[in-house]
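# Per-entry structural report
Below are the chains, spelled out letter by letter.
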Amino acid sequence: MAKKFSCGDVVDGCAWSATAKDETELFEKISKHAKDAHKMTSIPDEVIQKVKSKIKDV
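The structure contained in this document is the topic of the report that follows. (Residues numbered from 1 in each chain as written. Predicted model: local features only at pLDDT ≥ 70, side-chain atom pairs only at ≥ 80, totals over all residues. Heavy atoms only, no water.)

## Some words on the side chain of histidine 33
Within the element layout of this structure, histidine 33 appears in helix 1 (residues 23-38). Classification of histidine 33 by relative accessible area gives buried; the value is 10%. For histidine 33, the residues in contact, after removing those within four places along its chain, are Cys7, Cys14, Trp16 and His38. (Helix = DSSP H or I, 4+ residues; strand = E, 2+ residues; numbered from the N terminus. Buried < 20%, exposed > 50% of the residue type's maximum accessible area, 1.4 Å probe, protein only. Contact = heavy atoms within 4.5 Å.)

Here it is as structure tokens:
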């Protein structure tokens, strides 16, 4: 089942969102966005858990 994530669910004011065929592909997109838009060189476990809780099935 396809998955969707909206960054604004975790980072106030960020309008970016992504959809992917599965959670693995979605996390690749999320990681690239976090690096490019939010200058995160690594994503802390607490943020990963928050992101996972906001992923929706589409």
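The rest of the description comes next.
## Observations regarding helix 1
Since one α-helical turn is 3.6 residues long, residues separated by three or four positions face the same way. All of the buried residues along helix 1 are Leu26, Phe27, Ile30, His33 and Ala34. Take helix 1 and look down its axis: the buried residues cluster within an arc of 125 degrees, on one side only. Exposed positions of helix 1 whose direction lies more than 90 degrees from the buried face are Thr24, Glu28, Lys32 and Lys35. Tucked inside the fold, the buried residues of helix 1 contact strand 1 (3-6), strand 2 (17-20) and helix 2 (45-54). For helix 1, the N-terminal capping position is held by aspartate 22, with its side-chain oxygen 3.2 Å away from the main-chain nitrogen of threonine 24. Taken from the residues just after helix 1, lysine 39 is the one with a positive phi, measuring 55 degrees. (Arc of directions from axis to C-beta. Polar contact = N/O pair within 3.5 Å; in protein donor to acceptor, adjacent residues only side chain to side chain.)

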